[in-house]
Amino acid sequence: MRKHLLIILLFLLAFAGPAVLYSQEIVKSDVIERIEGKDYYIHSVEQGQTLYSISKAYDMPVDELLFENPDAQQGLAIAQILRIPLTSREKLITNDLRKGEFRYIFHIIKKGQTLYGISRIYDISLGDLKKANPEWVDGLKPGQYIKIPMKDPVVADKTVIAKPTDKDSKVHTVSGGETLFSISRKYKVGMPELKAANPSITNSLSVGQLIRIPEYQEEGIAQEEEKKFYEHTVKKKETLYGIARKYRISIDSLTAFNQGLTESIFPGEVIRIPRTVNPNSYITHHVREKTKLKRIASKYAISVTAVKEANPGFRSRVYPGDILMIPVGPPSEAPPDIVHVVVTPPDDIPPKVVRNDSIRCYDKMYRHKKEFKVALMIPLYTEEAGEIVVGGKAAVLDPSKHKPFNFIQFLEGFLMAMDEMEKEGLKARLYVYDVDEKVSKTIQVLQEPELADMDLIIGPFFSRNFKLVSNFAEMFNIKIINPLTRRTEVLSNPNVFKVKPSRDAQAAQLVKFVEHYYPGSNIILVRNNKFQYTDEVLEIRNSLDKVIPYGVKVPNNTLYELVLEYSKADTNLATGVLISSLMVENRMIQTEELERLPADSTFFSNGIAEIIYATDSIYGVIRNASVVRNNLLIVLTNNEIFAPEILTRLNDLKDTFDITVVGMPEWDLLHNLETDYLLDLNVYYFTDSYYDYDDPDVRGFIRDFRERYKTHPEEYAFEGYDLAIFFMGAMMRFGTDCEKCLPYYQKKLLKTSIKFFPAYPAGYENLYWNLCRYWNYKIEKVPDL
């Protein structure tokens, strides 16, 4: 921990002395010369100018200034001439990073290094190195950047790499309303891969069009021979679930250990059962399709009550990706009967079992056995710290106006968590690096020799730099965490963990929410114009169609009360006279029919309406709203103008219609919404940050943070704390290969939950969003379903 403490000390010392003045404002030179085929500004140094202030004026990294002007290493002198490239290599590299597939890292040449020596350092061929750097074949000089090409993806530590196989492609026939995006989500294939497999298609599809879906095969799973196992011969009427329960082993483990095994088994079939002892009183069950708990319980021949007691967080339905605990009772000391024992040499069960069965995750305890090396790459902007003006001893510094303070609370929260985890037995050496949006700065950091030995890298925080470090992490097989971005483009490396959930993950939670709380509501999707959220609306509609009932029945006496209310309000009718009919949800209801069958019900179909507000206006909502049941409006916008507008208009309708609003995708970022409207319309919204200030842990963290740093913790303080608590705890519990066990790992955090799942095309993504609502002038979290 000494290194990060030294960095923080130096960082804070920048503000401890008397006032520091800004360097004078620098104007770019008008003199441009072409030297050796390259254009340069010719800058004459003036009094008070520094390398940093000059680099800032020309938007040129200091290290590139020094590379072009090696004499400046000794300091600057008045009237000294500097050559400054018109286009910095920072911009050139940034442009390369934006082009998509970027399979390089960079090496900075040191004195005496050769291409051959560098090829040995990175274990790549000299030919590949020369091919990646044709401009440097004639010679190298210190300070030059050269590209180190990445090798083709290989399997490291039994990681599965998915590759397309053309010969096994599926063919999909386009149906009405489908888009390329919805098809890619259905088959879990990326848009680039889908387009590559169908080069002639466009984004506009026609019904009946054939689309080739590339299949993916798993390669590189280490083939390990079996240890000792039982051979179970299937008897008549036996099921795979019954066998799994009998031998206390998950279905996933059975299918991994018996290649080609499916649920359809037949009498006389031989199934291998690993000779491992499950110490728990349950096995795990991965839900593959939407179903009911009752159905799963019947497959295992146990009561649904027992399943519910073992899984208190689940209700009657479960969904793909859910993991259930199936009670099997305590282990028996006697070995299972009716088995034939076969002994083979190797010492473990197939690796796929480890990934799919939580029992294996808890077999080993790594605590106190290993010191983890962790790199935190965070923007501290230390060069700019010395440029901050402090007006005197009595002056007050506003941190929000100075970049060095932007992320400092992330580091402070992270350090608090590390201290807490050390008390629990964590052994870790933390390295803190100042890495901001400058690509050149990131490349400089990657030259640090200790980085290749890290167990975990956190950051960088900016996406373009993250790609560089992700390539480095892949090259040296290091786990790397992206703490802030929602962009799925960072998921290009099997070792990447993306903490922020993408917006695509909201749809699945929305469907569960609607099915549980508002299954009989009249659902209306609202967006501002037809060009926005098209794919999201299609996915939500298709998903909801699978769970909402086909229709609802409304009691006739409810409809009759509505007739009485409307008749009374109609001034053209005589007292006691009723209207003859009433239009409800685009259906004409006859008063005479309601009077004839008062105890009966009227059926209304349960479609999903869609409103384009720019053309339909609020009258589109009125035309599709129901006066006899709740109207659930799912409003998709992050627009600071449209969101307040639609809420204002809906609030005007609240006395006529029962309205509930779900704001998507991120209404917590909108700060101009009227509180009374949020309360009156019972607004729900998704957020990845929710603090329960009644939680003793949250209150304790705020108290300790204030005491330690003399300021109130903001968002990044909680982010840094939670991230360290989660990942350091996982590494303590499961070791550096913790990704195999994260689906079973639950850790109480301050601001949210983290639920990692394998992502496409590689890596792992947290898919958890908090669903909150405004209630009684407070923000309340909806319980997880």
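Calculation criteria
Residues numbered from 1 in each chain as written. Predicted model: local features only at pLDDT ≥ 70, side-chain atom pairs only at ≥ 80, totals over all residues. Heavy atoms only, no water. Buried < 20%, exposed > 50% of the residue type's maximum accessible area, 1.4 Å probe, protein only. Helix = DSSP H or I, 4+ residues; strand = E, 2+ residues; numbered from the N terminus. Contact = heavy atoms within 4.5 Å. Pairing = 2+ DSSP bridges. Axes fitted to C-alpha atoms, helices over the stretch in contact; angles between N-to-C directions. Expected span 1.5 Å × (residues − 1). pLDDT = per-residue confidence, 0-100.

Student: I keep staring at helix α24 (residues 642-652) and nothing clicks. Help me out?
Tutor: An α-helical segment advances 3.6 residues per turn. Residues three or four places apart therefore align on the same side. Taken together, the buried positions of α24 are Phe-642, Ala-643, Pro-644, Ile-646, Leu-647, Leu-650 and Asn-651. Buried positions along α24 lie against β20 (522-527), α23 (613-624), β26 (631-636), β27 (659-664) and α25 (675-680).

Student: Looking at this model, I keep getting lost on the sheet that holds strand β28 (residues 684-687). Mind explaining?
Tutor: Sheet strands line up and pair through hydrogen bonds in the backbone, either parallel or antiparallel. Ordered by their spatial adjacency, seven strands build an open sheet running β25-β20-β26-β27-β28-β31-β32, and the pairing between neighbours is mixed. Of all strands in the sheet, those bounded by a partner on one side alone are β25 (608-612) and β32 (778-781). Within this sheet the neighbouring strands show an average axis-to-axis angle of 25°, counted without direction. Against the sheet, α23 contacts β20, β25 and β26, and its axis sits at roughly 145° relative to β25.

Student: Would you explain α23 in this entry?
Tutor: For α23, with twelve residues, the first-to-last C-alpha span of 13 Å runs short of the 16 Å given by 1.5 Å per residue. On its buried face, α23 is in contact with β20, β25, β26 and α24.

Student: Explain the pairing of strand β31 (residues 770-775) here, please?
Tutor: In summary, the side chains of a regular strand alternate between the two faces of the sheet. The buried fraction of β31 amounts to five of the six residues, a majority that puts the element mostly inside the structure. Relative to β31, β28 is paired through four bridges, and the arrangement is antiparallel. Residue pairing across strands places Phe-686 opposite Leu-771, the latter belonging to β31. Bridging between β31 and β32 involves four bridges; their strand directions are antiparallel. Bridging across to β32, Tyr-774 finds its partner in Ile-779. Taking the residues between adjacent antiparallel strands as the criterion, β31 and β32 are bridged by two residues, where Asn-776 takes a positive phi near 55°.

Student: Even after reading the chapter, I still don't get unusual backbone geometry, so can you show me in this structure?
Tutor: Outside of glycine, negative phi angles account for most residues, and trans bonds account for most peptide bonds. Of the consecutive residues Gly-459 and Pro-460, the connecting peptide bond is found in the cis state with omega at 0°. Relative to the elements of secondary structure, Pro-460 occurs in the loop between β17 (456-458) and α18 (463-475). Along the chain, Met-664 connects to Pro-665 via a cis peptide bond; the corresponding omega equals 0°. As for its placement among the helices and strands, Pro-665 is situated in the loop between β27 and α25. Of note, the phi angle at Asn-477 is positive, near 55°, even though the residue is not glycine. Position of Asn-477 among the secondary structure elements: in the loop between α18 and β18 (479-482). Within the chain, Lys-710 stands out as a residue other than glycine whose phi angle is a positive 60°. Tracing the chain through its elements places Lys-710 in the loop between α26 (696-709) and α27 (715-734).

Student: I keep staring at the sheet that holds strand β29 (residues 756-758) and nothing clicks. Help me out?
Tutor: The seven strands lie next to each other as β16-β15-β17-β18-β19-β30-β29, forming an open sheet whose pairing is mixed. Since the sheet does not close on itself, it has two edges, and those belong to β16 (428-434) and β29, each with one partner. Recorded for the sheet is a direction-independent mean angle of 20° between the axes of neighbouring strands. Against the sheet, helix α16 (residues 408-423) contacts β15 (372-378), β16 and β17, and its axis sits at roughly 175° relative to β16. Sheet strands in contact with α27 are β15, β17, β18, β19 (496-498) and β29, and its direction is about 170° off that of β17.

Student: I'm lost on the confidence of the model for the protein chain in this one. Help?
Tutor: Any residue range with low pLDDT should be treated as having predicted coordinates unsuitable for detailed reading. Looking at the protein chain, pLDDT values average 80 and 81% of them are 70 or higher. With pLDDT under 50 throughout, residues 216-227 is counted as low confidence; its partners more than four residues away or in other chains account for 44 contacts. Counted against residues more than four places away or in other chains, residues 364-368, with its pLDDT under 50, gives 14 contacts.

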